[in-house]
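Breakdown of the fold
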Amino acid sequence: MLELPPFAVTTVSATLPFNALSTPAVSIPSHPKDECGVFAVYGHPNAAVLTYYGLYALQHRGQESAGIATATGPGSPFKTHKGMGLVSQIFQERDLMELTGSRAVGHVRYSTTGSSNIKNAQPITVDCARGQLALAHNGNLVNAHLLRRELEGRGAIFQTTTDSEIILHMLAHPAPDSNENALAQALSRLQGAFSLCIMTEREIIGVRDSLGFRPLSLGKLENAYVLSSETCAFDLIGATFIREVEPGEIVIIDENGLRSIKPFVEKQHKALCIFEYIYFARPDSKLQNLTVSRARFNMGIELAKRHPADADVVIPIPDSGNYAALGFSQQSGIPYDHAFVRNHYVGRTFLQPSQMTRDLGVRVKLNLIDEAVEGKRVVVVDDSIVRGTTARSRVVNLRRAGAREVHIRISCPPHKHPCYYGIDFPDPKDLIANQLSLDEIARYLGADSLGYLETEGLVEAVGLPRTNFCMACFNGEYPVHYDPLMEKLALERHRVIEPLVNNANGNGKHAELNLFSMKLEDQRSTFVR
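This text gives an overview of the structure that appears in the document.

Analysis parameters
Residues numbered from 1 in each chain as written. Predicted model: local features only at pLDDT ≥ 70, side-chain atom pairs only at ≥ 80, totals over all residues. Heavy atoms only, no water. Buried < 20%, exposed > 50% of the residue type's maximum accessible area, 1.4 Å probe, protein only. Helix = DSSP H or I, 4+ residues; strand = E, 2+ residues; numbered from the N terminus. Pairing = 2+ DSSP bridges. Core = buried A, V, L, I, M, F, W, Y, C linked by side-chain atoms within 4.5 Å. Contact = heavy atoms within 4.5 Å. Axes fitted to C-alpha atoms, helices over the stretch in contact; angles between N-to-C directions. Parallel < 35°, antiparallel > 145°, perpendicular 65-115°, else oblique. Left-handed = near helix turned anticlockwise from the far one by under 90°. Nonpolar A, V, L, I, M, F, W, Y, C, P; charged D, E, K, R; others polar.

Regarding the pairing of strand 22 (residues 449–452)
The two faces of strand 22 match: Ser449 and Gly451 on one face and Leu450 and Tyr452 on the other face are all buried. Sheet analysis places strand 21 (residues 405–410) next to strand 22, joined by four bridges and oriented parallel. Counterpart to Arg409 in the pairing with strand 22 is Gly451.

Points about the nonpolar core
Counting 77 residues, the largest nonpolar core has Tyr277, Val373 and Tyr421 as the members making the most contacts within it. Tallying contributions element by element places helix 9 (residues 292–306) first for this core, with five residues. Of all hydrophobic cores here, the second largest spans 28 residues; its members include Leu151, Ala172, Leu183 and Ile198.

With respect to the pairing of strand 6 (residues 131–141)
Across the eleven residues of strand 6, eleven count as buried, placing the element largely inside the fold. The pairing of strand 5 (residues 124–128) with strand 6 spans five bridges and is classified as antiparallel. Across the sheet, Val126 pairs through a bridge with Leu133, a residue of strand 6. Hairpin connection between strand 5 and strand 6: a loop of two residues separates the two successive antiparallel strands.

Some words on the environment of Ala239
Within the element layout of this structure, Ala239 appears in the loop between helix 7 (232–237) and strand 11 (240–244). Classification of Ala239 as buried rests on a relative accessible area of 10%. Excluding anything up to four places from it in sequence, Ala239 contacts Lys220, Leu221, Val226 and Phe234.

Description of the packing of helix 4 (residues 144–153) against helix 5 (residues 163–172)
Where helix 4 meets helix 5, the axes come as close as 10 Å, and the angle between the chain directions of the two elements is 50 degrees. In terms of axis orientation, helix 4 runs oblique to helix 5. Between helix 4 and helix 5 lies a crossing whose hand is left-handed. Mapping the contact onto sequence places Ala144, Leu147, Arg148 and Leu151 in helix 4 and Asp163, Ile166, His169 and Met170 in helix 5. Counted by class, the contact of helix 4 with helix 5 contains five nonpolar, one polar and two charged residues.

Quick look at the structure:
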């Protein structure tokens with residue numbers, strides 16, 4: 001058994017070998033944070049209510065804000081309700097009653113571009129030459145700053161600091177000299193990850209980027225069509241899953257039914273974020289015809305094959321570690337039990353100036369049942385280690401409860417690289433795998449052994465070709481070129497305030513006003529022709 005460092009059984013206030021605890025009062029996620037969830041309904045009299053329950057099922061994808069926009073028909077104003085917090089906190093029965101219409105688009109948000117405030121909540125709506133548009137976006141554009149600078153140079157006025165509003169401007173401002181389909185032409189300028197639900201005055205449109213970074217599925221409820229980030233939302237509202245929206249596909253739903261276009265050059269490889277299987281997606285969702293719970297169970301099997309341990313009990317870190325721990329238990333023959341109890345009614349924890357509140361921030365989420373581990377050799381299965389501070393605190397608690405040995409098993413490879421496609425990772429310098437070797441991480445955690453599932457085992461567990469996935473956060477191989485200077489708040493910092501009038505002639509670069517919403521009513525038309 002490894003000799004434990006002194007702090008492992010007494011306190012977690014020791015000086016760290018990296019700056020994981022150096023900045024007070026900033027968020028410290030124990031897992032990478034997901035981006036958003038999108039949902040849309042076409043052709044149902046209770047579209048807003050269905051969207052509410054759809055967002056409820058997608059709440060795990062974003063807890064900062066949520067919103068729903070509805071439409072009745074051409075010429076009728078969209079109705080929108082948005083707020084900060086959880087879906088159940090934002091929408092009351094009277095709010096849903098006011099959101100009339102047979103079409104709706106909804107969104108739950110965790111900010112990956114732009115800060116967390118009400119102006120950045122989605123869906124984003126606009127009234128433009130093409131009529132009213134509402135947009136819900138899951139993903140992140142790597143060329144957002146370039147597109148925004150271009151649009152502002154042409155006089156565009158932005159109300160938010162999100163890349164999603166850039167997409168809305170691109171849709172409202174197709175180049176006049178192009179003969180291509182207006183929607184496809186606008187989307188062709190976007191680089192990065194985007195799964196979109198767009199509502200026009202006549203249609204609901206679903207879009208997925210050419211590499212398929214973020215999931216988007218199509219379902220049907222009676223005569224209504226439904227779009228959702230995950231299939232678990234279909235189960236809640238009683239909809240039938242039809243299929244996934246394919247990478248590079250645009251589906252258009254209107255009074256004539258559903259049609260599909262694939263205007264982009266098909267990629268030889270795909271790039272679904274493999275962390276959807278590891279952590280983000282709900283275990284009862286399906287991705288690429290594989291239930292997420294089965295994928296996680298298989299990860300546990302591979303972990304047990306590649307990193308066995310002599311132990312008395314296997315325990316998960318709930319909830320995302322549950323199925324991997326079951327797989328590890330089945331493969332190893334070691335009994336499975338629950339020792340950590342999760343409090344489902346807390347949000348994110350934050351670094352505080354005092355060590356006491358830091359420790360409480362960990363324990364408020366998970367509490368330990370001492371009898372389950374006392375005197376036992378324990379295998380702890382979790383989905384990831386980010387900075388390591390939370391994992392170390394858990395080991396401390398296990399030791400205090402009387403665990404004889406603690407073996408940590410992680411159902412993914414070490415995180416070493418940032419994500420530019422919509423996952424909010426800490427700064428790379430704060431990732432523990434970039435600072436310490438595996439043996440050093442184990443000693444820092446106070447664990448007797450540590451095993452990560454390598455990329456080969458991860459791909460084996462999912463059972464699909466490696467070329468189907470983006471694993472850049474593990475291997476640094478980015479499917480789409482990115483600007484390394486771009487980060488979450490870049491769109492709030494790139495602008496230089498200049499006077500409206502720059503010279504005596506009154507000619508200024510911002511003198512051109514954005515007049516696209518002042519076009520004549522007779523120019524309004526169906527978006528996709």
